[in-house]
Amino acid sequence: MALESAMSSINANNANAKIPMGPKRFKVIHRQSGRKFNLNAELVIGRSKGQIRFAEDKGISSRHLRIGLDARGIWIQDLGSTNGTFFQDQRLEPARKYHLKPGDDIQLGEQSFYVIEDPSRNEIN
């Protein structure tokens, strides 16, 4: 009987607990439109190539920027673009990976983005 009482108490205390569901998930948000893109591995942003495209923005190269995940977190890499990518108001050195944290701004051409953690994919109730 004491065991049943203890188990009942544990279950009641954990009823609202969130259970982790593997690695963290993130979304890339386009600031101007609010569009959200899942960041599961890597995304490429470009004018004519990549998962996210802006054909009308002449400030964006055909393959401009990669965004990805590694053991350290979220990273971005300018792919040798003509007009550059800006992070924290600094132009990125092409081909070098820069780590960022959720909420940091990324600017390329006339477009800006930021990354958020996607809690709906990280936990279950």
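Figured I'd write up the structure that's included with this text. Just so it is clear, the structure is predicted and the values come from calculations on it, not from any experiment.

Description of unusual backbone geometry
- For Asp-89, which is not glycine, the phi dihedral falls at a positive 60°.
- Within the secondary structure, Asp-89 is located in the loop between strand S8 (85-87) and strand S9 (90-91).
- Asp-89 gets classed as exposed once you look at its relative accessible area, which sits at 73%.
- The residue Ala-95 is not glycine, and still its phi comes out positive at about 75°.
- Mapped onto the secondary structure, Ala-95 falls in the loop between S9 and strand S10 (97-100).
- Accessibility expressed as a relative area gives 55% for Ala-95, which makes it exposed.

Quick notes on the nonpolar core
- Judged by nonpolar contacts, the single largest core of 21 residues is most densely connected at Val-28, Ile-45, Ile-67, Ile-76, Ile-106 and Phe-113.
- Elements that contribute at least two residues to this core include exactly strand S2 (26-30), strand S3 (36-39), strand S4 (42-46), strand S6 (65-70), strand S7 (73-78), S10, strand S11 (105-108) and strand S12 (111-117).

Let's talk about the environment of Arg-47
- Relative to the assigned elements, Arg-47 resides in the loop between S4 and strand S5 (52-53).
- For the pair Arg-47 and Arg-63, spaced 16 residues apart in sequence, the C-alpha to C-alpha distance is 6.7 Å.

Considering the sheet that holds S8
- Pairing within the open sheet is antiparallel, and its 6 strands lie in the order S3-S2-S12-S11-S8-S9. Among the strands making up the open sheet, the edge pair consists of S3 and S9.
- Where S2 meets S3, 4 bridges bridge the pair, whose relative direction is antiparallel. Bridge pairing links Lys-27 to Asn-38 in S3.

Examining the pairing of S7
- Along S7, 5 of the 6 residues are buried, which leaves the element largely enclosed by surrounding structure.
- As defined by bridge partners, S6 adjoins S7 across 6 bridges and the pair is classed as antiparallel. The residue of S7 that forms the bridge with Gly-68 is Trp-75.
- Adjacent in sequence and paired antiparallel, S6 and S7 are bridged by 2 residues.
- By the bridge criterion, 4 bridges tie S7 to S10 in an arrangement that is antiparallel. The residue bridging Trp-75 from the neighbouring strand is His-99, located in S10.

Definitions and limits used
- Residues numbered from 1 in each chain as written.
- Predicted model: local features only at pLDDT ≥ 70, side-chain atom pairs only at ≥ 80, totals over all residues.
- Heavy atoms only, no water.
- Helix = DSSP H or I, 4+ residues; strand = E, 2+ residues; numbered from the N terminus.
- Buried < 20%, exposed > 50% of the residue type's maximum accessible area, 1.4 Å probe, protein only.
- Core = buried A, V, L, I, M, F, W, Y, C linked by side-chain atoms within 4.5 Å.
- Pairing = 2+ DSSP bridges.

The values are spatial; any link to function lies outside them.
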